[in-house]
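Take a look at the letters that make up each chain.
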There are 2 protein chains.
Amino acid sequence: MLAALKARFGERCSTALAVREQHGRDESSFEVPPPAAVVFAESTGDVADAVRLAAEHDTPVIPFGVGSSLEGHLLAVQGGISIDVSRMDKVLAINAEDLTVTVQPGVTRKRLNEEIKSTGLFFPIDPGADATLGGMAATRASGTNAVRYGTMRENVLALEVVTASGEVIRTGTRAKKSSAGYDLTRLFVGSEGTLGVITEVTVRLYPLPEAISAAICSFPSIEGAVRTTIEMMQIGVPIARVELIDRNAVRMVNKHSKLDLREQPMLLMEFHGSPAGVQEQAELVQELASGHGGEAFEWATTPEERTRLWTARHNAYFAGIQSRPGCRAISTDTCVPISRLADCLLDSVREADESGLPYFLVGHVGDGNFHFGYLLDPNDPQERETAERLNHALVSRALSLGGTCTGEHGVGLHKMDFLVTEAGAGAVEMMRTIKRALDPRNIMNPGKIFSI
Amino acid sequence: MLAALKARFGERCSTALAVREQHGRDESSFEVPPPAAVVFAESTGDVADAVRLAAEHDTPVIPFGVGSSLEGHLLAVQGGISIDVSRMDKVLAINAEDLTVTVQPGVTRKRLNEEIKSTGLFFPIDPGADATLGGMAATRASGTNAVRYGTMRENVLALEVVTASGEVIRTGTRAKKSSAGYDLTRLFVGSEGTLGVITEVTVRLYPLPEAISAAICSFPSIEGAVRTTIEMMQIGVPIARVELIDRNAVRMVNKHSKLDLREQPMLLMEFHGSPAGVQEQAELVQELASGHGGEAFEWATTPEERTRLWTARHNAYFAGIQSRPGCRAISTDTCVPISRLADCLLDSVREADESGLPYFLVGHVGDGNFHFGYLLDPNDPQERETAERLNHALVSRALSLGGTCTGEHGVGLHKMDFLVTEAGAGAVEMMRTIKRALDPRNIMNPGKIFSI
């Protein structure tokens with residue numbers, strides 16, 4: 001197998017330990033031996049050839065973008081090779097007049113927005129990391145703008161995919177809607193590399209809003225912030241972003257970035273629209289917020305001021321990690337129907353506080369999605385146990401409230417049991433049946449989502 | 001088989017010819033023998049039992065709502081039984097505070113909106129017919145509001161489904177987003193009854209807009225109307241509805257409904273938002289329209305006035321049929337990227353005019369989707385041939401422009417060849433592989449979407 005790969009790819013097939021190790025980990029906290037080799041693909045043909053060789057040798061294939069998965073998607077749990085698509089980074093077609101763009105899978109979201117800057121359009125989906133479009137499609141990613149613009153589920157129009165047999169197929173078209181057969185596009189979006197390798201992605205773009213206004217608002221309690229959010233969603237305010245940061249996160253960010261933000265729970269918001277529309281939304285939200293103790297509204301309309309306000313949100317994860325030297329973060333990812341957000345969140349905050357484990361809390365609360373970052377000492381098994389117990393209680397609570405164990409990170413290695421509880425054995429068995437049918441040799445990122 | 005069904009369902013299993021014939025046709029123009037029996041299901045358990053009995057006898061199963069399919073989805077092309085779910089018409093849970101509702105599959109869209117009236121919410125998806133939610137999910141339906149609110153693809157959150165083996169599974173949750181495994185919900189949405197029977201549907205609802213304003217605007221040519229539409233989409237006007245009606249349709253509606261609308265192509269529009277927002281959108285659109293010869297803007301803000309303005313659109317199909325007594329309509333359903341709408345539409349209008357076949361044209365043009373209704377004499381094979389030739393030319397054109405053969409009606413019996421051209425043999429083979437895996441006996445609405 002390795003000889004065949006070397007013969008086909010030459011220096012673009014690496015077995016160097018450093019390269020393999022870099023491709024054998026991601027942002028999760030699992031320890032697994034690295035893949036046997038890394039192939040640097042530069043074209044769809046490269047990917048197809050690598051998959052065909054892997055199929056001939058029953059060797060697992062793991063697609064790799066920039067390695068920003070939080071759930072162990074990239075780990076070689078059953079050995080095999082990593083196919084690195086980061087060199088497939090061409091923007092293939094900007095169809096500004098149709099509000100679509102087609103890219104290779106290695107293009108990152110920031111690069112994409114740079115490339116289309118002159119068109120007056122933007123691509124809104126922004127997971128924290130500067131992830132690749134291929135990886136974002138594979139994990140059904142979302143982020144802060146999803147409350148207004150949707151997730152990868154709503155924004156991927158079409159894909160090119162290398163199947164488990166090395167065949168190249170296309171799914172979807174550039175038309176905005178279609179009823180033409182099974183929705184293969186959405187089957188691949190969120191399939192976490194287990195059904196094929198995504199080699200092209202066509203996504204929707206949006207006109208840059210005429211006006212953008214950002215605001216932060218402090219609340220005496222998380223509850224006030226959450227109830228404000230619930231109300232704005234229920235009356236249909238078309239807010240573009242509404243993020244919660246808890247007191248812990250504000251404290252950590254103040255220390256890390258030398259800021260002096262009021263150490264209280266806060267909402268960070270952004271409004272997109274016409275100048276008058278933005279003004280109208282802002283007034284409405286301010287009124288809702290003051291009904292729940294919201295105060296110290298601070299507004300920003302220039303890009304520089306907005307960036308300053310959003311610093312707290314952008315730095316939260318990193319500031320969290322830095323707040324406890326040597327710690328490791330375990331991130332939760334539950335998402336619940338909006339009316340249950342307060343119930344789900346407040347009980348979990350209480351449990352986390354009682355546990356004594358350091359943590360921070362940030363959330364895309366407009367979607368009912370939030371992340372606890374438990375900061376644990378990796379050398380203290382007790383702390384890991386505590387974090388897992390808190391996470392279990394949180395997921396059970398979210399599921400009992402009609403929610404999901406993962407709003408945007410994916411199942412990967414860590415949430416397989418949660419998936420069975422959430423979806424039921426019958427639905428997971430249906431996923432397995434599809435997997436077996438489309439990947440009979442079980443070579444596409446095996447051991448992720450479900451055991452098979 | 002029939003004995004077993006009779007034993008289980010008694011009078012709720014009918015073999016009366018009139019009942020079978022009613023269930024053996026839809027709004028398409030195919031002639032096929034009716035199903036052998038009709039089971040009137042009243043619960044998920046009924047559906048599961050009927051499917052299990054059918055599986056034991058390798059008998060095809062065809063789910064039936066109100067029979068409003070345009071593509072032959074309900075025809076018993078391989079024999080079998082019809083499962084009528086129209087008695088499964090309960091609204092199971094209105095979660096107004098989460099903007100979701102869960103219904104049985106036999107609830108129609110108008111019934112649903114009646115039931116939730118008092119909540120201040122509405123369900124926007126409106127194919128012309130008063131279709132059932134089950135049927136709308138199965139065909140990935142949309143309609144006039146899709147330009148703002150999306151299609152069934154974006155608005156179905158969760159399903160309960162009876163699989164081909166008679167097992168009951170649930171897909172999705174009420175959370176707004178999720179990355180929990182394969183997107184089974186969207187695999188079933190648009191599967192046209194070929195993978196299972198939908199027995200529960202959870203959809204998103206929206207707050208009724210504070211202000212609604214409707215308008216019609218006449219144009220000297222279709223081109224002016226289309227170019228106005230393209231521009232409003234490109235700059236991102238959040239218009240709720242923008243429908244094109246051609247001169248033929250206006251003429252037919254005038255005659256049918258005794259109206260005196262200006263016999264020119266027109267756009268019918270609706271704006272949703274705050275009073276100021278609606279005003280702003282309307283002014284912007286009026287400016288764009290006058291740049292393309294748009295004139296005779298007529299506005300309506302009360303429900304009664306709006307209904308009057310929209311009469312032309314609502315009656316277009318029926319007025320078309322009535323304009324040629326004894327005729328049959330063949331409806332096209334192409335959808336193209338917005339910038340290609342003028343190219344696709346204008347050439348096809350020219351071809352239709354040259355053919356001499358009577359026709360009308362209506363379109364959800366904001367989505368790039370439109371329908372020619374060719375009005376042919378069913379006893380004249382030459383006319384059917386002409387209609388098929390026009391349709392083929394239109395679909396080929398739409399596909400070459402990056403579009404789809406069906407924006408919202410589904411593939412059914414009529415568009416199988418088009419699907420292969422559009423999606424490619426590899427993608428259709430992947431659909432077949434999924435079908436074989438989930439329905440190994442091929443009993444779920446066999447012979448639709450693709451031959452197997």
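Cut-offs used in this document
- Residues numbered from 1 in each chain as written.
- Chains lettered and ligands numbered in written order.
- Predicted model: local features only at pLDDT ≥ 70, side-chain atom pairs only at ≥ 80, totals over all residues.
- Heavy atoms only, no water.
- UniProt positions renumbered as here; feature names shortened; annotations may be inferred.
- Pairing = 2+ DSSP bridges.
- Helix = DSSP H or I, 4+ residues; strand = E, 2+ residues; numbered from the N terminus.
- Salt bridge = Lys/Arg side-chain N within 4 Å of Asp/Glu carboxyl O.
- Buried < 20%, exposed > 50% of the residue type's maximum accessible area, 1.4 Å probe, protein only.
- Patch = residues over 30% accessible without salt bridge, like charges linked within 9 Å, V, L, I, M, F, W, Y side chains within 5 Å.
- Areas by Shrake-Rupley, 256 points an atom, 1.4 Å probe, with all protein chains shown as cover.
- Lys, Arg positive; Asp, Glu negative; His and termini not counted.
- Charge placed at Lys NZ, Arg CZ, Asp CG, Glu CD.
- Polar contact = N/O pair within 3.5 Å; in protein donor to acceptor, adjacent residues only side chain to side chain.
- Contact = heavy atoms within 4.5 Å.

Labelled according to an unreviewed UniProt entry, chain A appears under the name D-lactate dehydrogenase (cytochrome), originating from Ramlibacter aquaticus. As recorded by UniProt, the Sequence similarities (unreviewed entry) comment attached to chain A reads in full: "Belongs to the FAD-binding oxidoreductase/transferase type 4 family." In its Cofactor (unreviewed entry) section, the UniProt record describing chain A reads: "FAD".

**Focus: the pairing of strand β5 (residues 91-95) of chain B**
Residue and element names in this part refer to chain B. Where β5 and strand β6 (residues 100-103) come together, four bridges link them in antiparallel fashion. Each residue of the ladder has a partner; that of V91, found in β6, is V103. Hairpin connection of β5 to β6: four residues between the antiparallel strands, including L99 at a positive phi of 60 degrees.

**Observations concerning the pattern of salt bridges**
Any two side chains of opposite charge can pair if their charged atoms end up close together. Scanning the model with the defined rule gives 74 salt bridges over all chains in all. Measuring nitrogen to oxygen at the nearest pair gives 2.9 Å for the salt bridge that ties A:R441 to A:D58. Of the two residues, A:R441 is situated in the segment after α16 (425-438) and A:D58 in the loop between α3 (44-56) and β3 (61-64); the sequence distance between them amounts to 383 residues. Here B:R436 ties to B:E429 by a salt bridge, and the two come within 3.3 Å at their closest N and O atoms. One salt-bridge network, held together by shared partners, links A:R8, A:R12, A:E42, A:D46, A:D49, A:R52 and A:R87.

**A look at unusual backbone geometry**
Residue and element names in this part refer to chain B. Positive phi outside glycine occurs at R140, with the angle close to 55 degrees. With respect to the element layout, R140 can be found in the loop between α5 (133-139) and α6 (146-149). A positive phi angle, close to 50 degrees, is found at K258, a residue other than glycine. Judged by its relative accessible area of 74%, K258 is exposed.

**A word on the UniProt feature "domain: FAD-binding PCMH-type" (unreviewed entry) in chain A**
When the UniProt feature table is mapped onto this chain numbering, "domain: FAD-binding PCMH-type" (unreviewed entry) sits at residues 31-208 of chain A. Across residues 31-208 of chain A, helical content stands at 22% and strand content at 26%; the span's end C-alpha atoms are separated by 42 Å.

**With respect to a negative patch on the surface**
On the surface, a cluster of negative charge is contributed by A:E210, A:E280, A:E283, B:E210, B:E280, B:E283 and B:E287. Secondary-structure elements contributing two or more residues to the negative patch are α11 (275-290) of chain A together with α11 (275-290) of chain B. Secondary-structure assignment places B:E210 in the loop between β11 (206-207) and β12 (211-218). Note on B:E210: relative accessible area 66%, which makes it exposed.

**Topic: the side chain of B:E243**
Residue and element names in this part refer to chain B. Along the chain, E243 falls in strand β13 (residues 241-245). Overall, E243 belongs to the buried group, its relative accessible area being 0%. Side-chain polar atoms of E243 contact the side chain of R313, separated by 2.6 Å. Ignoring any residue separated from it by four or fewer positions in sequence, one finds E243 in contact with T144, M266, L267, L268, W310, R313, G363, H364 and V365.

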